[in-house]
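Here is how the chains run, residue by residue.
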Amino acid sequence: MNQISISDIQRHLHKLNDFEILEIIDKKRDKIKGYFLNSKYAFFVQELVKKEEGRKNQRRSLAGSLRKYADPKKIAEEDSAWRKNIEERYSR
């Protein structure tokens, strides 16, 4: 994989045409800033992004799915349940 600095991109933009994958680095901070991919890889990247978003949405929906089975009368009591449990355990 070839590397190119941010300043090289600013000075010589035409260098991006010669590569399919480039690693963009910040020479001052010695850090990788990102990657430049040729547009022919756009489909693969979009598919990866869709899969990751699907995983995130699934995690969110699983976290809230049990809430619909909860008894609304007891939800208010659940907030202070841990405090009551600790007080009972250590007050003896």
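Read on for a plain summary of the structure. The model shown is predicted, which means the values in this text are computed figures rather than measured ones. (Residues numbered from 1 in each chain as written. Predicted model: local features only at pLDDT ≥ 70, side-chain atom pairs only at ≥ 80, totals over all residues. Heavy atoms only, no water.)

1. Considerations on a nonpolar patch on the surface
Judged by side-chain polarity, Met1, Ile21, Ile32, Tyr35, Leu37, Val45 and Val49 come together as a nonpolar surface patch covering roughly 650 Å² of accessible area. Secondary-structure assignment places Met1 in the segment before β1 (2-5). According to the relative accessible area criterion, Met1 is exposed, its value standing at 67%. (Patch = residues over 30% accessible without salt bridge, like charges linked within 9 Å, V, L, I, M, F, W, Y side chains within 5 Å. Areas by Shrake-Rupley, 256 points an atom, 1.4 Å probe, with all protein chains shown as cover. Salt bridge = Lys/Arg side-chain N within 4 Å of Asp/Glu carboxyl O. Helix = DSSP H or I, 4+ residues; strand = E, 2+ residues; numbered from the N terminus. Buried < 20%, exposed > 50% of the residue type's maximum accessible area, 1.4 Å probe, protein only.)

2. A few points about the pattern of salt bridges
Taken as a whole, this structure holds three salt bridges when the rule is applied. In this structure, Asp26 and Arg29 form a salt bridge, with 2.9 Å as the shortest nitrogen-oxygen distance. A residue is classified by how much of its surface remains accessible, and Asp26, at 9% relative accessible area, is buried.

3. Observations regarding unusual backbone geometry
Outside of glycine, negative phi angles account for most residues, and trans bonds account for most peptide bonds. For Asp30, which is not glycine, the phi torsion reads 55° and is therefore positive. The topology assignment puts Asp30 in the loop between β2 (21-26) and β3 (31-37). A relative accessible area of 70% means that Asp30 is categorised as exposed.

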